[in-house]
Amino acid sequence: MGHRPKGGSSTSSHHSSLLQDVFGSGFVNKSVLCSYKRSFDGFVVELTEEEARKMAGTRGVVSVFPNEKRQLHTTRSWDFMGFSEQVQRTSSESDVIIGVLDTGIWPESDSFNDKGLGPPPRKWEGICQTQNNFTCNNKIIGAKYYRSDGLFGSEDIISPRDSEGHGTHTASIAAGRLVNRANLFGLGSGTARGGVPSARIAVYKICWSDGCYDADILAAFDDAIADGVDIISLSVGFRIARDYFNDSIAIGAFHAMSHGVLTVTSAGNEGPNPATITNFSPWSLSVAASTIDRKFFTKVMLGNNVIYEGVSINTFDLKNEMYPIIHGGNAPNTAANFTWASSRFCLRNSLDSNLVKGKIVLCDARVNGSEPFRAGAVGAVMQDLAPTDYALSFPLPASYFVLADGSKIFLYINSTSNPTATIFKSNEGNDTMAPYVASFSSRGPNPITPDILKPDLSAPGVDILAAWSLISPVSPVRGDNRFVPFNIISGTSMSCPHVSAAAAYVKSFRPTWSPAAIKSALMTTATPMSSGINLDAEFAYGSGHVNPIKAVNPGLLYDAEEIDYIKFLCGQGYGTRFLQLVTRDDTTCSEATNGTVWDLNYPSFALFTSASGNVSRVFNRTVTNVGSPTSVYRANVTVPAGTLKIRVNPSVLSFTSFEQKLSFALTIEGTTDKSIVSASLVWDDGVHKVRSPIIVFVSISQI
């Protein structure tokens with residue numbers, strides 16, 4: 001394609017003439033399907049490969065390329081959120097520092113180049129540990145590693161360098177620079193970018209090959225706060241809930257809050273069962289993982305030419321070649337005393353290499369592919385009851401199917417003496433139902449304080465393309481030799497840095513806002529999500545899907561300070577001794593500091609009650625006006641008919657000045673036979689809609 005031809009000549013006749021020059025009299029069979037006439041010169045025509053090559057070599061032809069189907073571009077998640085590259089930004093974005101507590105970082109990644117960035121902000125007081133050829137720049141302004149016991153694994157790099165990929169991925173989601181043509185072997189191709197590309201990154205490596213330890217987490221919090229970070233992003237958690245005073249993350253986040261630093265945490269990946277969330281302290285922000293409108297599918301074609309579409313991220317290309325396919329149950333490693341009962345699931349060492357080498361193996365479980373890979377299989381097809389709302393990478397060509405399709409593949413294998421199959425490279429599709437919370441995302445209720453709604457927000461965490469460590473393979477399986485600068489993975493670890501970036505974005509506009517104020521702005525401007533898809537409603541997605549643009553101008557804030565959380569803790573029955581473990585001062589619980597959970601100035605409302613009892617509870621809240629100095633907000637309550645009665649008093653808040661504070665009480669009364677009642681309160685001044693979810697539930701086990 002090139003510029004439009006000058007003069008008054010018709011582009012259509014020009015195109016026809018060009019075709020005639022190239023193909024002679026045969027051009028009459030080449031119908032021009034479409035011509036581009038207004039801004040540039042080009043046309044669409046059906047050509048064979050040979051004809052296309054001939055056309056490309058013709059004088060005056062800029063390029064010839066196939067009319068392939070394209071999907072939406074970029075790492076996609078930020079655009080899906082409505083947060084485009086052109087969004088309004090402030091010059092102070094480069095003064096915001098995000099502390100990333102994770103597995104370290106790969107500093108040479110293009111996502112962390114410092115082109116155009118000045119020196120670190122003056123407030124920065126951190127250091128850069130340069131062991132093992134690690135260097136910082138004006139993007140990665142500091143980096144430290146922590147290992148309190150001094151015991152390192154053989155694969156650990158004793159420096160802030162990332163050997164796992166996880167920390168590099170999360171850091172680039174939050175604050176990565178723009179990288180064009182980022183992709184994973186052609187998948188997810190587009191521009192990779194973080195939410196705040198000009199923000200600075202401070203790296204705190206707390207995780208190693210054997211995990212992340214409390215002592216190192218607390219040491220990193222301690223340093224990050226003193227170093228001058230503005231936001232802490234922590235995609236780490238425990239498998240089971242811990243009390244606030246046995247939780248290094250909750251303790252560290254409390255210290256951060258008291259120093260004006262917001263901690264954003266991942267909800268966890270133990271869903272979809274209820275009360276599986278493990279990061280839930282009220283002074284931190286807990287993030288669930290939701291989908292974006294891009295999915296990855298992998299087709300398998302059987303020898304009978306029937307094609308089934310499964311789910312995976314398959315970068316391998318078998319070039320349509322058919323291979324024998326065998327059920328794992330028919331290939332047990334009897335020499336190691338394995339039987340059909342184990343080999344059908346492709347468990348470790350259960351497959352006989354002599355029987356599966358050079359073949360595709362059908363496994364009756366969604367495994368990581370390591371056993372078929374070890375045994376020399378060409379590929380793996382898996383069937384299971386596991387969810388299909390996210391895709392995984394495997395060390396060999398693979399696709400995962402639900403039992404409905406997997407059973408048909410199994411029947412085919414048993415219907416012929418020479419069953420064959422091939423696995424295609426993955427393709428991208430559109431998920432029109434997005435966003436919804438992923439099945440793996442940990443759910444509420446809050447297992448320690450049920451009347452504090454958790455998670456707080458949802459953000460993209462499924463099939464996210466971002467930067468990666470060049471010494472960590474695509475899949476977590478040893479022997480996978482694909483080493484890439486960008487990888488696609490899923491988890492609340494990915495959703496957390498999206499919200500960390502959103503918090504940093506708000507901070508760049510509102511540098512004096514407290515952690516609670518930033519958190520309130522993000523929660524009350526979130527886009528509501530549907531309980532029709534996620535039946536566990538707010539326990540899946542909290543206040544909804546994060547919307548960074550709206551959060552800059554929320555209208556009202558539910559602010560809170562350290563003393564408010566101290567009152568909350570005292571009201572929860574925590575004594576002075578325990579409280580001082582967190583505050584590290586002489587704070588005591590007394591009548592003056594004894595508050596209730598329902599009076600904590602939280603931007604959401606949750607009430608845990610008995611199934612048959614009468615509900616009667618008052619929540620007291622105070623909002624701060626950060627919109628128009630003179631404004632009138634009216635309360636709009638939405639509650640399902642025939643359930644509970646919810647009243648707000650006063651129902652009108654009239655502000656006369658900026659940052660004025662006004663209080664109200666929300667009362668919930670009545671009875672309900674439902675396990676969950678979802679409602680909402682919206683304060684509306686005609687410009688802002690300050691929304692808070694309300695959830696009443698009767699039993700954690702029934703949700």
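Residues numbered from 1 in each chain as written. Predicted model: local features only at pLDDT ≥ 70, side-chain atom pairs only at ≥ 80, totals over all residues. Heavy atoms only, no water.

What follows covers the overall build of the protein. The number of helices and strands found in the protein is 16 helices and 32 strands. Relative to the compact-globule value of 27 Å for 703 residues, the protein shows a C-alpha radius of gyration of 28 Å, a close match. Principal axes of the C-alpha set define a box for the protein whose edges measure 95 × 80 × 60 Å. Per-residue burial for the protein yields a buried fraction of 57% across its 703 residues. Partitioning the intrachain contacts of the protein with sequence separation of at least 6 by distance along the chain shows that 71% fall at a separation of at least 24. Taken as a whole, the protein presents about 28900 Å² of accessible surface, with 50% of it coming from carbon and sulfur. Taking the average location of the 58 positive side-chain charges in the protein and that of its 62 negative ones, the two points are 6 Å from each other. (Helix = DSSP H or I, 4+ residues; strand = E, 2+ residues; numbered from the N terminus. Rg over C-alpha atoms; globule rule 2.2 N^0.38 Å. Buried < 20%, exposed > 50% of the residue type's maximum accessible area, 1.4 Å probe, protein only. Contact = heavy atoms within 4.5 Å. Areas by Shrake-Rupley, 256 points an atom, 1.4 Å probe, with all protein chains shown as cover. Lys, Arg positive; Asp, Glu negative; His and termini not counted. Charge placed at Lys NZ, Arg CZ, Asp CG, Glu CD.)

So, about the sheet that holds strand 27 (residues 631–638). Read across the open sheet, the 5 strands follow the order 25-32-31-27-29; overall the sheet is mixed. The sheet terminates laterally at strand 25 (605–608) and strand 29 (652–655), the two strands that pair on one side only. The average undirected angle you get between the axes of adjacent strands in this sheet is 15°. Sheet analysis places strand 25 next to strand 32 (residues 689–697), joined by 4 bridges and oriented parallel. Bridging from a neighbouring strand, Phe-608 pairs with Phe-697 of strand 32. (Pairing = 2+ DSSP bridges. Axes fitted to C-alpha atoms, helices over the stretch in contact; angles between N-to-C directions.)

Of all 10 residues that make up helix 12 (residues 515–524), 10 are buried, and the element is covered over most of its length. Within the sequence span of helix 12, burial applies to Pro-515, Ala-516, Ala-517, Ile-518, Lys-519, Ser-520, Ala-521, Leu-522, Met-523 and Thr-524.

Now for the state of the cysteines. Tallied over the entire structure, the rule returns 4 disulfides. Across the disulfide from Cys-128 sits Cys-136; the S-S distance is 2.1 Å. Across the S-S bond of Cys-128 and Cys-136 the torsion is about 90°, and the bridge reads as right-handed. Residue Cys-128 is classed as partly exposed on the basis of its relative accessible area, which comes to 27%. (Disulfide = S-S within 2.5 Å.)

We now examine the environment of Ile-173. Here Ile-173 is to be found in helix 4 (residues 166–175). Note on Ile-173: relative accessible area 3%, which makes it buried. For the pair Ile-173 and Cys-496, spaced 323 residues apart in sequence, the C-alpha to C-alpha distance is 9.2 Å. The contacts of Ile-173, once residues within four sequence positions are left out, are Trp-78, Arg-193, Gly-194, Gly-195, Ile-464, Ala-466, Met-494, Pro-497 and His-498.

Turning our eyes to something else, we now look at the packing of aromatic side chains. For the structure on display, the rule yields 20 aromatic pairs. Judged by centre distance (5.9 Å) and plane angle (80°), the ring pair of Trp-283 and Tyr-565 falls under edge-to-face. In this pair, Trp-283 sits in the loop between strand 11 (262–266) and strand 12 (285–290) while Tyr-565 sits in helix 15 (residues 562–571), placing the two residues 282 residues apart along the sequence. Across the pair, exposure class does not vary: Trp-283 and Tyr-565 are buried alike. (Phe/Tyr/Trp six-rings, centres within 6.5 Å; stacked < 30°, edge-to-face > 60°.)

Right, let's talk about the pattern of salt bridges for a bit. If you walk through the whole model with that rule in mind, you get 19 salt bridges. The salt bridge involving Asp-536 is made with Arg-443; its shortest N-O contact spans 2.9 Å. Of this pair, Asp-536 sits in the loop between helix 12 and helix 13 (538–541) while Arg-443 sits in the loop between strand 20 (427–430) and strand 21 (457–460); the two residues are 93 residues apart in sequence, bridging distant segments of the chain. Ionic contacts of the salt-bridge type, sharing partners, join the residues Arg-147, Asp-149 and Asp-210 into one network. (Salt bridge = Lys/Arg side-chain N within 4 Å of Asp/Glu carboxyl O.)

What follows covers the sheet that holds strand 26 (residues 615–625). Read from one edge to the other, the open sheet built from 4 strands follows the order 24-26-30-28, with strand pairing classed as antiparallel. On the outer flanks of this sheet lie strand 24 (556–557) and strand 28 (645–649), each paired with one strand and no other.

Along the chain, Glu-371 turns up in helix 9 (residues 370–374). With relative accessibility at 3%, the residue Glu-371 sits in the buried group. Once residues lying within four places of it in the same chain are set aside, the contact partners of Glu-371 are Cys-346, Leu-347, Arg-348, Asn-349, Ser-350 and Leu-351.

Time to look at the packing of helix 6 (residues 248–258) against helix 15. It is the contact of helix 6 with helix 15, at a shortest axis distance of 9 Å, that shows an interaxial angle of 145°. Every residue of helix 15 that contacts helix 6 at Phe-254, Met-257 and Ser-258 is listed here: Glu-562, Tyr-565, Ile-566 and Leu-569. Its residues assigned to classes, the contact of helix 6 with helix 15 shows 5 nonpolar, 1 polar and 1 charged. (Nonpolar A, V, L, I, M, F, W, Y, C, P; charged D, E, K, R; others polar.)

Among the secondary structure elements, Glu-538 is positioned in helix 13. Summary of buried charges: Glu-538 has no salt-bridge partner, and the nearest side chain of opposite charge, Arg-691, is 4.7 Å away. A polar side-chain atom of Glu-538 sits 2.6 Å from a polar atom in the side chain of Ser-678. Sequence-distant contacts of Glu-538, defined by excluding residues within four places in its chain, comprise Leu-453, Lys-454, Pro-455, Ser-678, Ala-679, Pro-693 and Ile-695. (Polar contact = N/O pair within 3.5 Å; in protein donor to acceptor, adjacent residues only side chain to side chain.)

On to the pairing of strand 30 (residues 661–670). With 10 bridges joining them, strand 26 and strand 30 adopt antiparallel strand pairing. Paired with Thr-624 across the two strands is Lys-661, which belongs to strand 30. Where strand 28 and strand 30 come together, 5 bridges link them in antiparallel fashion. Bridge pairing in strand 30 places Asn-649 opposite Ala-665.

So, on to the pairing of strand 5 (residues 179–184). In this sheet, strand 6 (residues 187–192) lies alongside strand 5 in antiparallel orientation, the contact comprising 3 bridges. Of the residues in strand 6, the one forming a bridge with Leu-184 is Leu-187.

By the element assignment, Ile-676 lies in strand 31 (residues 676–684). The class of Ile-676 is buried, set by a relative accessible area of 16%. Each C-alpha atom, one on Ile-676 and one on Asp-536, is 7.9 Å from the other, the two residues being 140 residues apart in sequence.

With that settled, the discussion passes to the nonpolar core. The biggest cluster of nonpolar side chains holds 117 residues, and the ones touching the most others in it are Trp-283, Leu-522, Phe-664, Leu-666, Ile-668, Leu-681 and Trp-683. Ranked by residues supplied to this core, first place goes to helix 11 (residues 492–509) with 9 residues. Beyond its immediate sequence surroundings of up to four residues, Ile-668 is in contact with Leu-607, Val-615, Ser-616, Arg-617, Phe-619, Leu-644, Lys-645, Ile-646, Ile-694 and Val-696. (Core = buried A, V, L, I, M, F, W, Y, C linked by side-chain atoms within 4.5 Å.)

This next bit is on the environment of Ile-646. Relative to the helices and strands, Ile-646 is located in strand 28. With 50 residues separating them along the chain, Ile-646 and Val-696 place their C-alpha atoms 11 Å apart. Discounting chain neighbours no more than four positions away, the residues touching Ile-646 are Val-637, Val-639, Leu-666, Thr-667, Ile-668, Ala-679 and Ile-694.

Attention now moves to the confidence of the model for the protein. Per-residue confidence for the protein gives a mean pLDDT of 91; residues scoring 70 or more make up 92%. Across residues 36–41, confidence stays below pLDDT 50; counting only partners more than four residues off in sequence or on other chains, it has 22 contacts. With pLDDT under 50 throughout, residues 65–74 is counted as low confidence; its partners more than four residues away or in other chains account for 12 contacts. (pLDDT = per-residue confidence, 0-100.)

This part covers unusual backbone geometry. The peptide bond linking Gly-271 to Pro-272 adopts the cis configuration, its omega dihedral lying at 10°. By the secondary structure assignment, Pro-272 is in the loop between strand 11 and strand 12. In this structure, the amide linkage connecting Asn-649 to the following residue, Pro-650, adopts the cis form with an omega of -5°. Tracing the chain through its elements places Pro-650 in the loop between strand 28 and strand 29. A positive phi angle is found at Phe-185, which is not glycine, with a value near 50°.

This brings us to helix 10 (residues 403–413). Along helix 10, the positions that sit buried rather than exposed are Gly-406, Ile-409, Tyr-412 and Ile-413. End-on, the buried residues of helix 10 take up no more than an arc of 115°, which puts them together on one face. (Arc of directions from axis to C-beta.)

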